[in-house]
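Here is how the chains run, residue by residue.
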Amino acid sequence: MKTFDWCGYTWTNEMEGGRIIHPSFPWYWYSSDVITKDEDGSLSLTIRENPKEVKYYDGTIYHPSIEVATMRTLEDFSYGKFSCEMIMPEGTNLSASFWLTGSGNWPPEIDIEEGWTEEKKSWFRLFDKQPPFICPSWRTTTNVVYRTDDLVQTHIGSKNICWFTQPKNPSENFIEYSCEWLPDKITFYANGKVVRRVGKDD
């Protein structure tokens, strides 16, 4: 396991159980070699072509070709406020995300920011899948995934961050994405402005 220290916490590139690949996305693998610490203390997470043979825990052999930067803290935590300042990469079919997840199982997961450019090479979206449909927004979304009392996996649904609330281009500006996680409510923010609230009944 490769670990490194940042902001007073210990981090690793591996997921739970030492996984460095997700079987649903077998074309890339997780690495800490594409994470660099800048002089000001900020991190640069990059991506590169670097083929590798990966053996999954069930014995399946994968041959991903893309090495991506992924980092996960080894410390457990509970309710509180979590934030990160990010500037997005530019290009097609890219993803950059900041989320909370269970320390020993999945779900739960709180997506504070989960974004992707898809084939359009842009984070901007004029149309949305949710009403009012024509809604200028960024493809930087929030979501919550959880299990119900009878262990059914469900989620509240991804929601884009509206351009009117957060008008700065995330690939040209650092944006602070954060959430306040309380026992009965989760509030999402972008640059200090509320972009979504989720309660127990949502």
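In this report, we go over the structure that sits alongside the text. All values reported here derive from a predicted model rather than from experimental measurement.

When its secondary structure is counted, the protein chain shows 0 helices and 20 strands. Taken over the C-alpha trace, the protein chain has a radius of gyration of 17 Å; the compact-globule value for 202 residues is 17 Å, and the two agree within 12%. The principal-axis extent of the C-alpha atoms belonging to the protein chain is close to 45 × 40 × 35 Å. Residue burial in the protein chain is summarised as follows: out of 202 residues, 38% are buried. Restricting the contact set of the protein chain to residue pairs at least 6 apart, pairs at least 24 apart contribute 52%. With an accessible surface of roughly 12,200 Å², the protein chain has 51% of that area assigned to carbon and sulfur atoms. Here the protein chain holds 21 positive side-chain charges and 30 negative ones, and the gap between their average locations is 4 Å.

Moving on: the sheet that holds strand S1 (residues 3-6). On the basis of which strands lie adjacent, the open sheet formed by 3 strands has the order S1-S2-S10 and antiparallel pairing. Lying at the two open borders of the sheet, with one neighbouring strand each, are S1 and strand S10 (72-73). The pairing of strand S2 (residues 9-12) with S10 spans 2 bridges and is antiparallel. Along S10, the bridge assignment pairs Trp11 with Thr73.

What counts and how
- Residues numbered from 1 in each chain as written.
- Predicted model: local features only at pLDDT ≥ 70, side-chain atom pairs only at ≥ 80, totals over all residues.
- Heavy atoms only, no water.
- Helix = DSSP H or I, 4+ residues; strand = E, 2+ residues; numbered from the N terminus.
- Rg over C-alpha atoms; globule rule 2.2 N^0.38 Å.
- Buried < 20%, exposed > 50% of the residue type's maximum accessible area, 1.4 Å probe, protein only.
- Contact = heavy atoms within 4.5 Å.
- Areas by Shrake-Rupley, 256 points an atom, 1.4 Å probe, with all protein chains shown as cover.
- Lys, Arg positive; Asp, Glu negative; His and termini not counted.
- Charge placed at Lys NZ, Arg CZ, Asp CG, Glu CD.
- Pairing = 2+ DSSP bridges.

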